[in-house]
Amino acid sequence: MSTPPLLPPPGCPAHGLGQDGPLRLYGPAAEHDPMALYEQLRAKHGAVAPVLVHDDQPAWLVLGHRENLEVARNPGRFSRDPREWGAAKDGTVVPEKYALSPMVTWWPVINFNDGPVFDRLRGAVLESLQRFDRRGIRRYVTRFAHQLIDDFASNGQADLVAEFSSQLPMLVMTQLIGAPEEHGPGLVRAVPDMLEGTETALESDEYVTKTLYQLVASKKASRGYDLTSWLLDHPAELTDVEVLAHVRVVLVAAYATTANLIANTLRMVLTDPRFRANLSGGRMTLAEALEQVLWDQTPINTVLGRWATADTKLGGQEIKRGDMLLLSLAAGNVDPQVRPDLSAPVHGNRSHLAFSAGPHECPGQDIGRAIADTGIEALLARLPDIELTVHDFELERRGTLMSQHLVQLPVRFEPRAVAATAPRPEPDRRPEPTPLPPLAPPAEAVPAATVRPRPSRWSWLRRLLGRR
Ligand code: HEM
């Protein structure tokens, strides 16, 4: 498999590692082995470390388990609203032009707000997600998992990242949002493409917006048993554009996280003798295995971010009003204060930080867990002899400041005959250019200052509002 990138030795300026100054949290060296970097930072600074993010902007990386909880649970001290960022207020950084703009540019959606605006949006999203019947979700997962397995079972080999983990969550999510069957494959391709910033990312962005626009319009005409209909009917009275925005937030939040959880769990099941032996010997359930992975390989390493609303102290560091903080969920999960022995099994303990904590704690965690454990169960039941074709150390990971993902998971197994299946809907990349019915804009108009000079992850919302 691939050769690890050549890295400069520790201490070399190419690492961005000044002897005394803050370390860079971005760039190939930092992203190659983030866990090693976190331990280096913990050894030097303790629970909270000064770091540099893109363009060498200063930030605090929260490494301690307790300190992560303290930040996440106190939105009054550490806001989720990027308009609190001192560097944006004093003009050092223009959020819309900044490399991390999708994370630092404010929009009127659940994950950029606190207080009453947040409470209203969060209530609508959380209560709508809670309306799903778990057995119904599991039925969708089983159906799509078998469909995906059918596609490779007769080959005797597969790449479980490309052919399984990266497809299953989005197939299920398109059903949960109520997208018509023929839009499923198109969304399955377009959402990841849009997030990965490929050459076709803007085209995919257009496709996603148009598809969700049509989805909201069709659910306004005729409700279904789905998230979009429940958001439209929620007593918080979301506008149509708010409904569209939050269906989109949910799709984006669910996709890479759940795909990572599935891939990382499959990797552990296939490589770690504790899991294989325990699973076959019945001493560890798959649900417990998932929890172990949520401790050891968080689908999101780092949440960006929180912003200090006043001068304060955290983990012995003096935090100034307007400072940016990054929640290092991965480092918090291996904090020696809570896990002195990392080899000790966690036995289903759920006090990890993988879903964060506090008011913004992931509202879709049960759905993410259900997709992962039902999907993996289906795969192991169909192909119990599955094994990796490479050594664990050969598996390549790629990542960013925020997360790491496995590039491939190549496996082999005894080929199985597959019964003929019903024809599947064709991917619908370019829906008919039907005129879009008007949707109501959010009550709080998007401020002119946040309008971007170049296409961005949020350009769809501006276009939608500009259309009126
Ligand atoms: C196993 C997979 C998943 C993991 C590890 C995960 C993790 C997270 C994390 C760490 C956050 C950030 C919380 C913060 O800002 O402190 C988050 C937010 C969010 N997640 Fe998940 N997530 C997963 C799956 C899902 C799924 C399946 C859905 C929807 C069905 C979902 C919906 C959301 C939403 C809407 C937010 C924003 C919440 C807010 O800001 O109030 N997630 N998730």
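Note that the coordinates shown come from a computational prediction; the quantities given were computed from them, not determined experimentally.

**Student:** What is the right way to read the overall build of the chain from this model?
**Tutor:** Broken down by element type, the chain carries 18 helices and 13 strands. Once local pairs closer than 6 in sequence are excluded, the contacts in the chain between residues at least 24 apart make up 71%.

**Student:** How should the site of the ligand be read in this particular structure?
**Tutor:** Taken together, 26 residues lie near the ligand, and Thr257, Ser356, Cys362, Gly364 and Gly368 sit nearest. Looking at which element gives the most residues to the shell around the ligand, the answer is helix H13 (residues 240-271), with seven residues. Looking at side-chain class alone, the shell around the ligand contains 17 nonpolar, eight polar and one charged residues.

**Student:** In this structure, what is going on with the confidence of the model for the chain? I would like to understand it.
**Tutor:** Atomic detail in the predicted coordinates should be set aside for any region of low pLDDT. In this model, the chain carries an average pLDDT of 86, and 83% of its residues clear a pLDDT of 70 or more. When the criterion is pLDDT under 50, residues 1-18 qualifies, and its contacts beyond four places in sequence or with other chains add up to 22 contacts. Contacts for the low-pLDDT stretch residues 429-436, under 50 throughout, to residues beyond four places or in other chains number six contacts.

**Student:** Even after reading the chapter, I still don't get helix H9 (residues 168-176), so can you show me in this structure?
**Tutor:** One turn of an α-helix holds 3.6 residues; hence residues three or four places apart share an orientation. Judged by how many residues are buried, H9 sits mostly within the fold: eight of nine residues are covered. Taken together, the buried positions of H9 are occupied by Leu168, Pro169, Met170, Leu171, Val172, Met173, Thr174 and Leu176. Contacts made by the buried residues of H9 are with helix H7 (134-152), helix H8 (160-165), helix H10 (184-195), helix H12 (227-233), H13 and helix H17 (365-382). Immediately downstream of H9, the backbone of Gly178 shows phi near 90°, a positive value.

**Student:** Any chance you could explain the sheet that holds strand S13 (residues 410-412) here in plain terms?
**Tutor:** Each strand in a sheet pairs with its neighbour through backbone hydrogen bonds, running either in the same direction (parallel) or in the opposite one (antiparallel). Taken in spatial order, the three strands of this open sheet run S5-S13-S10, and their pairing is antiparallel. Each end of this open sheet is capped by a strand with a single partner; those strands are strand S5 (157-159) and strand S10 (387-388). As paired strands, S10 and S13 are joined by two bridges and run antiparallel to one another. Within the sheet, the bridge partner assigned to Leu388 lies in S13 and is Val411.

**Student:** What is the right way to read helix H2 (residues 34-45) from this model?
**Tutor:** Along its twelve residues, H2 runs 16 Å from first to last C-alpha, staying within 8% of the 16 Å computed at 1.5 Å per residue. Looking one or two places after H2, you find Gly46, whose phi comes out positive at around 90°.

**Student:** Is there a simple way to think about the pairing of strand S6 (residues 302-308) in this case?
**Tutor:** One face of the sheet, then the other: side chains in a regular strand alternate in exactly this way. The buried count for S6 comes to six of seven residues, which makes it a mostly enclosed element. Relative to strand S9 (residues 324-328), S6 runs antiparallel, the two sharing five bridges. Within S9, the position partnered with Val303 by the bridge is Leu327.

**Student:** Help me understand unusual backbone geometry in this model?
**Tutor:** Trans is the prevailing form of peptide bonds, just as negative phi is the prevailing case for residues other than glycine. Along the chain, Leu304 connects to Gly305 via a cis peptide bond; the corresponding omega equals 0°. Structurally, Gly305 can be placed in strand S6. The backbone of Asp56 shows a phi angle near 55°, a positive value even though the residue is not glycine. Relative to the helices and strands, Asp56 is located in the loop between strand S2 (48-53) and strand S3 (57-62). Take Asp56: there are 12 C-beta atoms within 10 Å of it, and that puts it in the exposed class.

**Student:** What is the right way to look at the sheet that holds strand S1 (residues 23-24) in this model?
**Tutor:** Spatial ordering of the open sheet is given by S1-S2-S3-S9-S6-S4, a layout of six strands whose pairing is mixed. The sheet terminates laterally at S1 and strand S4 (78-79), the two strands that pair on one side only. As paired elements, S1 and S2 share two bridges and run parallel to each other. Across the sheet, the residue bridging to Leu23 is Val51, located in S2. Strands in contact with H2 are S1, S2, S3 and S9; relative to S2, the strand with the most contacts, it is inclined by about 130°. Against the sheet, helix H3 (residues 65-72) touches S2, S3, S4, S6 and S9, its axis set at about 125° to S9.

**Student:** Help me understand the nonpolar core, please; the structure alone is not making it clear to me.
**Tutor:** Where a protein is soluble and globular, its nonpolar side chains tend to be buried together. Counting 119 residues, the largest nonpolar core has Leu61, Val62, Leu63, Leu168, Val172, Val247 and Leu325 as its most contacted members. Take this core: its biggest share by element is 16 residues, from H13. Filtering out sequence-adjacent residues up to four positions away, Leu168 remains in contact with Phe144, Ala145, Leu148, Ile262, Ile371 and Gly375.

**Student:** Even after reading the chapter, I still don't get the environment of Val249, so can you show me in this structure?
**Tutor:** Here Val249 is to be found in helix H13. In the structure, Val249 is positioned 124 residues away from Val125 in sequence and 10.0 Å away in space, judged by C-alpha atoms.

**Student:** In this structure, what is going on with the packing of H9 against H13? I would like to understand it.
**Tutor:** Where H9 contacts H13, the axes come no closer than 8 Å and their chain directions differ by 145°. H9 and H13 meet at a crossing whose hand is right-handed. From H9, Leu168, Pro169, Met170 and Met173 reach across to H13, where they touch Leu251, Ala254, Tyr255, Thr258, Ala259 and Ile262. For the contact of H9 with H13, the residue count by class is nine nonpolar, one polar and no charged.

**Student:** What is the right way to look at the packing of H13 against H17 in this model?
**Tutor:** Angle between the axes and distance between the axes are the two parameters that describe a pair of packed helices. Packing of H13 against H17 leaves a shortest axis separation of 9 Å and a crossing angle of 40°. Here the hand of the crossing between H13 and H17 comes out right-handed. Along its contact with H13, which presents Ala254, Thr257, Thr258, Leu261, Ile262, Thr265 and Leu266, the element H17 presents Gly368, Ile371, Ala372, Gly375 and Ile376. Looking at the contact of H13 with H17 residue by residue, the class counts come to seven nonpolar, five polar and no charged.

**Student:** Is there a simple way to think about the pairing of S3 in this case?
**Tutor:** Taken together, the six bridges between S2 and S3 define a ladder with antiparallel strand orientation. Within the sheet, the bridge partner assigned to Leu52 lies in S3 and is Pro58. Between S2 and S3, which pair antiparallel and follow one another directly, the connecting turn spans three residues, one of which, Asp55, has a positive phi of 60°. Examined bridge by bridge, S3 and S9 share three bridges and lie parallel to one another. Within S9, the residue paired with Val62 across the bridge is Leu327.

Scoring rules and cut-offs
All residue numbers refer to position in the chain's written sequence, counted from 1. Predicted model: local features are reported for residues with pLDDT of at least 70 only, side-chain atom pairs are reported and counted for 80 or more only, and whole-chain, interface and lining totals are derived from all residues. Numbering goes from the N terminus for both helices and strands, where a helix is a DSSP run of H or I of at least four residues and a strand is a run of E of at least two. We call two residues in contact when the distance between their C-beta atoms, placed using the backbone, is within 7 Å. Whether a residue is near a molecule or strand depends on its C-beta atom, placed from the backbone, lying within 6 Å of it. Residue type decides the class: Asp, Glu, Lys and Arg count as charged, Ala, Val, Leu, Ile, Met, Phe, Trp, Tyr, Cys and Pro as nonpolar, and the leftover types, Gly among them, as polar. Along the chain, pLDDT gives the predictor's confidence residue by residue, from 0 to 100. Counting other C-beta atoms within 10 Å of a residue's own tells you its class, since 20 or more makes it buried, 12 or fewer makes it exposed, and anything in between is partly exposed; those C-beta atoms are placed from the backbone. Each pair of strands is called paired provided DSSP finds at least two bridges between the two strands. To estimate how far a helix should reach, multiply one less than its number of residues by 1.5 Å. To define axes, lines are fitted to C-alpha atoms, for helices over the stretch in contact only, and angles between the resulting N-to-C directions are given on a 0 to 180 degree scale. Each nonpolar core comprises buried Ala, Val, Leu, Ile, Met, Phe, Trp, Tyr and Cys residues, the members being joined through C-beta atoms within 7 Å. The hand of a helix crossing depends on one turn: near helix anticlockwise from the far one by less than a right angle means left-handed, and clockwise means right-handed.

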